[in-house]
Amino acid sequence: MKKFVLCLSLLMICAGAFAQDATPAPKAKAKKAAAATPAAPPMKMDVTSILERNLKNLENDIVPAADAMPEDKYNFKPTNDLVKGSEFTGVKSYADQVKHIAVTNELVVACLNGQPQPVPDGESDLGPAKLTSKADIMQYLKDSFAHAHEAFAKINKANIDGQVRNPFGKGTRPRLGLLIIILGHSQDHYGQMVEYLRMNGIIPPASRPPAK
């Protein structure tokens, strides 16, 4: 009986050792999985790539937001009786917000490219007066971003500090200052567009949960 128990114990020990050898260690599994997954390519950090990436992110917020407002609400603007104690005197309509972003893009791009002012002074705030339909305003916005991408693609370390015509007054400004105007100014008005959308019961596209 003792011999039988001893043999059985030896068999169990051997079986355990075999199973342990046959099961790869967790660290080995993790190393294999890491080796099988290709590493993400490093993000480009040159001036042109950084500017382009930020402009694209901005465009991906603003253009869908501009399209999210229905045609019959495009002239919406908040009024003082909307919220008790609010003050909205003289604010831009939704269409005005979109056109203002677009025309500012075009004014800045013209300076970056060494071109003359694209609109007369009277249209430098809201863009061409003839643009009244949602479709025309949307196209004007999309075109302004396309022109901005073309201008941003020409920026590099060698010319980013160079002086160009000031689109908002006399004298000149460095290219970098104008690039920041496009990126920062548009964010300001995008924030206002977000409020206008939500006042009309519309969730801005960039704030919606991902589709399942």
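In what follows, the structure referred to is the one given above.
The rules we used
- Residue positions are counted from 1 within each chain, in the order its sequence is given.
- A pLDDT threshold of at least 70 governs which residues receive local features in this predicted model, and a stricter bar of 80 or more applies before side-chain atom pairs are shown or counted, although totals over entire chains, interfaces and linings include all residues.
- The side-chain figures draw on all heavy atoms in the structure; neither hydrogens nor water molecules are used.
- Every helix listed is a DSSP run of H or I at least four residues long, and every strand listed is a run of E at least two residues long, numbered separately from the N terminus.
- For every residue, the accessible area obtained with a 1.4 Å probe (protein chains only) is divided by the maximum for its type, and the residue is called buried under 20%, exposed over 50%, and partly exposed between those limits.
- The contact criterion used is simple: two residues touch if any of their non-hydrogen atoms lie within 4.5 Å.
- Aromatic pairs are defined between Phe, Tyr and Trp rings, using the six-membered ring for Trp, whenever the two ring centres lie within 6.5 Å; interplanar angles under 30 degrees are classed as stacked, those over 60 as edge-to-face, and all others as tilted.
- The patches reported here contain residues having more than 30% relative accessible area and no salt bridge. Joining distances are 9 Å for like charges and 5 Å for nonpolar side chains (Val, Leu, Ile, Met, Phe, Trp, Tyr).
- Surface accessibility in these figures is a Shrake-Rupley result with a 1.4 Å probe; residues are shielded only by whichever protein chains are displayed.
- The rule for a salt bridge is simple: a side-chain nitrogen of Lys or Arg has to be within 4 Å of a carboxyl oxygen of Asp or Glu.
- What is meant by a nonpolar core is a set of buried Ala, Val, Leu, Ile, Met, Phe, Trp, Tyr and Cys residues, joined one to another through side-chain atoms within 4.5 Å.
- Helix axes are fitted only over the stretch in contact, all axes being lines through C-alpha atoms; the angle between N-to-C directions runs from 0 to 180 degrees.
- Here the angle decides the label: under 35 degrees means roughly parallel, over 145 means roughly antiparallel, 65 to 115 means roughly perpendicular, and every other value means oblique.
- Gly falls in the polar group here, along with every residue not listed as nonpolar (Ala, Val, Leu, Ile, Met, Phe, Trp, Tyr, Cys, Pro) or charged (Asp, Glu, Lys, Arg).
- Take the residue count of a helix, subtract one, and multiply by 1.5 Å to get its expected span.

## Concerning the overall build of the protein
Reasoning step 1: Within the protein, the regular secondary structure consists of 6 helices and 2 strands.
Reasoning step 2: Starting at the N terminus, the α and β elements of the protein follow one another as α-α-α-α-α-β-β-α.
Reasoning step 3: By residue count, 33% of the 212 residues in the protein fall in the buried class.
Reasoning step 4: Across the protein, contacts joining residues at least 24 apart in sequence account for 68% of those joining residues at least 6 apart.

## A word on the packing of aromatic side chains
Reasoning step 1: For the structure shown, the criterion picks out 3 aromatic pairs.
Reasoning step 2: Residues Tyr74 and Tyr94 carry aromatic rings whose centres are separated by 5.5 Å and whose planes lie at 70° to one another, so their mutual orientation is edge-to-face. Placement of the pair is Tyr74 in the loop between helix H3 (47-68) and helix H4 (94-112) and Tyr94 in helix H4, with a sequence separation of 20 residues. Of the two residues examined, Tyr74 and Tyr94, each falls in the buried class.

## Here's the deal with a nonpolar patch on the surface
Reasoning step 1: On the surface, a cluster of nonpolar side chains totalling about 230 Å² of accessible area is made up of Leu82, Val83 and Met199.
Reasoning step 2: Its place among the elements puts Val83 in the loop between H3 and H4.
Reasoning step 3: Using a relative accessible area of 45% as the deciding quantity, one classes Val83 as partly exposed.

## Some remarks on the nonpolar core
Reasoning step 1: Core analysis: the biggest nonpolar cluster contains 45 residues, and Ile62, Tyr74, Tyr94, Val98, Leu141, Phe152 and Met193 have the highest contact counts within it.
Reasoning step 2: Of all the secondary-structure elements, those providing two or more residues to this core are H3, H4, helix H5 (134-152) and helix H6 (175-199).
Reasoning step 3: With 11 residues, H4 is the single largest residue contributor to this core.
Reasoning step 4: What Ile62 contacts, discounting residues up to four positions off in sequence, is Ile101, Leu141, Phe145, Ser186, Tyr190 and Met193.

## As for the pattern of salt bridges
Reasoning step 1: Counted by the stated rule, this structure contains 3 salt bridges.
Reasoning step 2: A salt bridge links Glu59 to Lys56; the nearest nitrogen and oxygen atoms lie 3.6 Å apart. In this pair, Glu59 and Lys56 are both assigned in helix H3, 3 residues apart and thus about one turn of the helix distant.
Reasoning step 3: Among the ionic pairs, Asp125 bridges to Lys92, the shortest N-O distance being 3.7 Å. Separated by 33 residues along the polypeptide, Asp125 in the loop between H4 and H5 and Lys92 in the loop between H3 and H4 bring together distant segments of the chain.
Reasoning step 4: According to the relative accessible area criterion, Lys92 is partly exposed, its value standing at 23%.

## Describing the packing of H3 against H5
Reasoning step 1: Relative to each other, H3 and H5 sit at 175°, their axes nearing to 10 Å. What the angle tells us is that H3 and H5 run roughly antiparallel. Each of Thr48, Leu51, Glu52, Leu55, Lys56, Leu58, Glu59, Ile62, Val63, Ala66 and Asp67 in H3 lies in contact with H5, whose residues at this interface are Lys134, Met138, Leu141, Lys142, Phe145, Ala148, His149 and Phe152.
Reasoning step 2: Broken down by class, the residue content of the contact of H3 with H5 amounts to 11 nonpolar, 2 polar and 6 charged.

## Digging into H5
Reasoning step 1: End to end, H5 covers 27 Å across 19 residues, agreeing with the expected 27 Å (1.5 Å per residue, within 8%).
Reasoning step 2: Residues of H5 that are buried: Lys134, Ile137, Met138, Tyr140, Leu141, Ser144, Phe145, Ala148, His149, Ala151 and Phe152.

## Remarks on the environment of Asn113
Reasoning step 1: Locating Asn113 in the fold gives a position in the loop between H4 and H5.
Reasoning step 2: Once the C-alpha coordinates of Asn113 and Ala151 are considered, the two residues, 38 residues apart in sequence, prove to be 6.6 Å apart.
Reasoning step 3: What Asn113 contacts, discounting residues up to four positions off in sequence, is Ala151 and Lys154.

## Description of H6
Reasoning step 1: For H6, which comprises 25 residues, the first-to-last C-alpha distance of 37 Å matches the rise-based estimate of 36 Å (1.5 Å per residue) to within 8%.
Reasoning step 2: A positive phi of about 75° marks Gly201, the residue just after H6.

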